[in-house]
Amino acid sequence: MSATHTQALTAGKLLELVGSELRVPLVSGEWVRYANLDNAASAPALRQVADAVAELLPYYGSVHRGAGFASLVSTEAYTRAREVVRGFVGARDDDLVLFTRNTTDALNLLASALPPGTTVLTFTGEHHANLLPWRRGDVRHLAMPATPTDALDALETELRALGGRGALVSVTGASNVTGEVWPVQEIARIAHRHGARVALDAAQLAAHRPIDIAACDVDYVAFSGHKVYAPYGAGVLAGRADWLDAARPHLAGGGAVRNVTAADVEWTTGPARHEGGTPAALGAFAVAAAAGALRGTGWERIRAHELDLLERLLTGLDAIGGVRTYELWERGHDRVGVVSFNVDGLDPALLAAALGAEHGIGVRDGAFCAHPLMDHFAARDGGSRHAVRASIGVGTCADDIDRLLDAVERIARDGPRWSYLERGGYVLPDPDPRPRPSLGGLLSGPVAGGESACRD
């Protein structure tokens, strides 16, 4: 395919991603442009983000610790990144903005900062990152709601039963399985009426919709850089300072202290209290660069772009016999560009493997770290707790959607054209003739297979 033809096919992209013109081998020996429809798992770097990181990299030095010019530049970049992210999430003046590893790390940090006696309320459809950290204390899981109104009613009932005891409601902004957007503002209103706080898991929301802590009146928000086109190892927890300043440091070490003696330690307050050790400065800077790029593009443009492609995807899947999509609520509810589906009679792991190996399309399969939600769908609708997930982003174009629909229709009708086997929890082509890049020699030898948990 010529460069001109490839550019024409990808002209519908909203922003340029690193690897957007990546060509990958198929088991047939053909090379095709990679159609990345796995943005909900981990999105590629925006070109603007990669360029910004490359510009900073020569100046990389020790943050908060060095007197040399490179260290001063790195410290200023890290400090400025925090302020950019503060604006990105609409933080209040007295909120803290902490850099973490990812959403899971951020929510674990918050879980360790809960005052004694705090009861946590979550819905069972949450991602494991927003289910498991709270189980070290008193947590109550609310049942899967049939409608958004049912979710609000259940929360009202549970908070009333608590009788004003200290509580935290932790809820997703958008489901990582269905893309459905949750009524966060209404949840916050109910929670605060009962004296509870609200934590927002924005991992699947932050790349698709604006986040405004102050306007939504949530108390904490967590998200990952790698979901917002900044895959450089940083995440964010932002919110009210009192719980965080009173908690044990998340990482005990240098930078988190005011003074240390042989027998005692005086911990600092503010962001440094939980950012012990050398910070992931490049990761934090990348998150800020991504935040600037998304805000600069405009949320209405981003939303319109993704909703057009989402409608194209859903309409196309509905037209393929034997395909079933997953929704918790009625189809017309607001959602981001995430669609999970299955083909009757076809193992989702095999479908995902065939999409990649035979068509050069990247999707996700498994239970998506949301086992209770997938078990709910299996019980409600029948079938497997596993599915295939396609997810849309700012670098997705109409050609990506059309290629997926064509491939799913072919595989649903005729089955895979190659043979496959399961190894190390993965379904892989057998044999797999596709050459790997050497990546500086790191992939020149055998690579150990993954574990089965990776699919979940």
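Nothing here was measured: the structure is a model prediction, and the numbers come from that model.

The rules behind these values
- Residues numbered from 1 in each chain as written.
- Predicted model: local features only at pLDDT ≥ 70, side-chain atom pairs only at ≥ 80, totals over all residues.
- Heavy atoms only, no water.
- Helix = DSSP H or I, 4+ residues; strand = E, 2+ residues; numbered from the N terminus.
- Rg over C-alpha atoms; globule rule 2.2 N^0.38 Å.
- Buried < 20%, exposed > 50% of the residue type's maximum accessible area, 1.4 Å probe, protein only.
- Areas by Shrake-Rupley, 256 points an atom, 1.4 Å probe, with all protein chains shown as cover.
- Lys, Arg positive; Asp, Glu negative; His and termini not counted.
- Charge placed at Lys NZ, Arg CZ, Asp CG, Glu CD.
- Core = buried A, V, L, I, M, F, W, Y, C linked by side-chain atoms within 4.5 Å.
- Contact = heavy atoms within 4.5 Å.
- Salt bridge = Lys/Arg side-chain N within 4 Å of Asp/Glu carboxyl O.
- Pairing = 2+ DSSP bridges.
- Right-handed = clockwise from strand over helix to strand, strands pointing away.
- Polar contact = N/O pair within 3.5 Å; in protein donor to acceptor, adjacent residues only side chain to side chain.
- pLDDT = per-residue confidence, 0-100.
- Expected span 1.5 Å × (residues − 1).
- Axes fitted to C-alpha atoms, helices over the stretch in contact; angles between N-to-C directions.

Let's talk about the overall build of the chain
- Scanning the chain for helices and strands turns up 13 helices and 19 strands.
- At 23 Å, the chain has a C-alpha radius of gyration in line with the 23 Å of a compact globule built from 456 residues.
- Expressed as lengths along the three principal axes of its C-alpha atoms, the size of the chain is roughly 70 × 60 × 40 Å.
- Here the chain, with 456 residues, has 54% of them falling under the buried criterion.
- Total accessible area computed for the chain in this model is approximately 19200 Å², and 53% of it derives from carbon and sulfur atoms.
- On the chain, the mean spot of the 43 positive side-chain charges and the mean spot of the 54 negative ones are 2 Å from each other.

Description of the nonpolar core
- V89, L159, V169, F223, L294 and V394 are the most contacted members of the largest nonpolar core, which totals 86 residues.
- With 11 residues, helix α9 (residues 281–297) is the largest single contributor of residues to this core.
- Apart from the residues lying within four places of it in its own chain, the contact partners of V169 are L121, L155, L159, I187, A191, A196, R197, V198 and A199.
- The next biggest cluster of nonpolar side chains, apart from the first, holds 34 residues, and it includes L310, I320, A357 and A407.

A word on the pattern of salt bridges
- Scanning all chains against the criterion turns up 28 salt bridges.
- In this structure, D400 engages R33 in a salt bridge whose closest nitrogen and oxygen atoms are separated by 2.7 Å. With D400 in helix α13 (residues 398–414) and R33 in strand β2 (residues 31–33), the pair connects residues that are 367 residues apart, well separated along the chain. The pair formed by D400 and R33 is uniform in burial state, with each residue classed as buried.
- For D375, the salt bridge identified is with R385, shortest N-O distance 2.9 Å. Here D375, found in helix α12 (residues 371–381), pairs with R385, found in the loop between α12 and β17 (387–391); they are 10 residues apart in sequence, far enough to count as distant.
- By sharing partners, the salt bridges in this structure join D318, E327, R331 and R335 into a single network.

Some details on the pairing of strand β7 (residues 167–172)
- For β7, a buried count of six out of six residues is recorded, marking the element as mostly surrounded by other parts of the structure.
- Burial along β7 is two-sided: the face carrying A167, V169 and V171 and the face carrying L168, S170 and T172 are both buried.
- Pairing of strand β5 (residues 119–123) with β7 involves three bridges; the strand directions are parallel. Paired with V120 across the bridge in β7 is L168.
- Bridge count for β7 against strand β8 (residues 197–201) is five bridges, and the pairing is parallel. Paired with V171 across the bridge in β8 is L200.
- For the crossover that starts at β7, traverses helix α6 (residues 184–193) and ends in the parallel β8, the hand is right-handed.

Some points on the side chain of D95
- Topologically, D95 is positioned in the loop between α3 (69–89) and β4 (96–100).
- A residue is classified by how much of its surface remains accessible, and D95, at 2% relative accessible area, is buried.
- Of the polar contacts made by the side chain of D95, one reaches the backbone nitrogen of R92; its length is 2.8 Å.
- In this structure the side chain of D95 is engaged in a polar contact, spanning 3.4 Å, whose partner is the backbone nitrogen of R240.
- Not counting the four nearest positions on each side in its chain, D95 is found in contact with R86, I213, G239 and R240.

Side note on the confidence of the model for the chain
- Averaged over every residue, the pLDDT of the chain is 94; the share at 70 or more is 95%.
- Across residues 1–9, confidence stays below pLDDT 50; counting only partners more than four residues off in sequence or on other chains, it has eight contacts.

Regarding helix α11 (residues 348–359)
- For α11, with 12 residues, the first-to-last C-alpha span of 16 Å sits near the 16 Å given by 1.5 Å per residue.
- Where burial is concerned, most of α11 is hidden: 10 out of the 12 residues are buried.
- Taken together, the buried positions of α11 are occupied by P348, A349, L351, A352, A353, A354, L355, A357, E358 and H359.
- The first or second residue beyond α11 is G360, which carries a positive phi of 70°.

So, the environment of W243
- Considering the arrangement of structural elements, one finds W243 in helix α8 (residues 241–246).
- Once the C-alpha coordinates of W243 and A113 are considered, the two residues, 130 residues apart in sequence, prove to be 5.8 Å apart.
- Those residues in contact with W243 that sit more than four places away from it in its chain are L110, A113, L114, P115, L168, R197 and Y220.

Description of the sheet that holds strand β9 (residues 220–224)
- The strand order β4-β10-β9-β8-β7-β5-β6 describes an open sheet built from seven strands, whose pairing is mixed. The open sheet has two edge strands, β4 and β6 (138–142), and neither has a second partner. Pairs of neighbouring strands in the sheet enclose a mean axial angle of 20°, with direction left out of account.
- Across the face of the sheet, α3 comes into contact with β4, β9 and β10 (235–239) while running at roughly 115° to β4.

What to know about the sheet that holds strand β16 (residues 364–366)
- Spatially, β13-β14-β17-β16 is the arrangement adopted by the four strands of the open sheet, whose pairing is antiparallel. This sheet does not close on itself; its edge strands, each paired only once, are β13 (323–325) and β16. Within the sheet, the average angular offset between the axes of one strand and its neighbour, ignoring direction, is 30°.
- In this structure, β16 lies alongside β17, joined through three bridges in antiparallel fashion. In the strand pairing of β17, D365 is matched with V388.
- Strand contacts of α11: β14 (338–343), β16 and β17, with the helix running at about 40° to β17, the strand carrying the most contacts.

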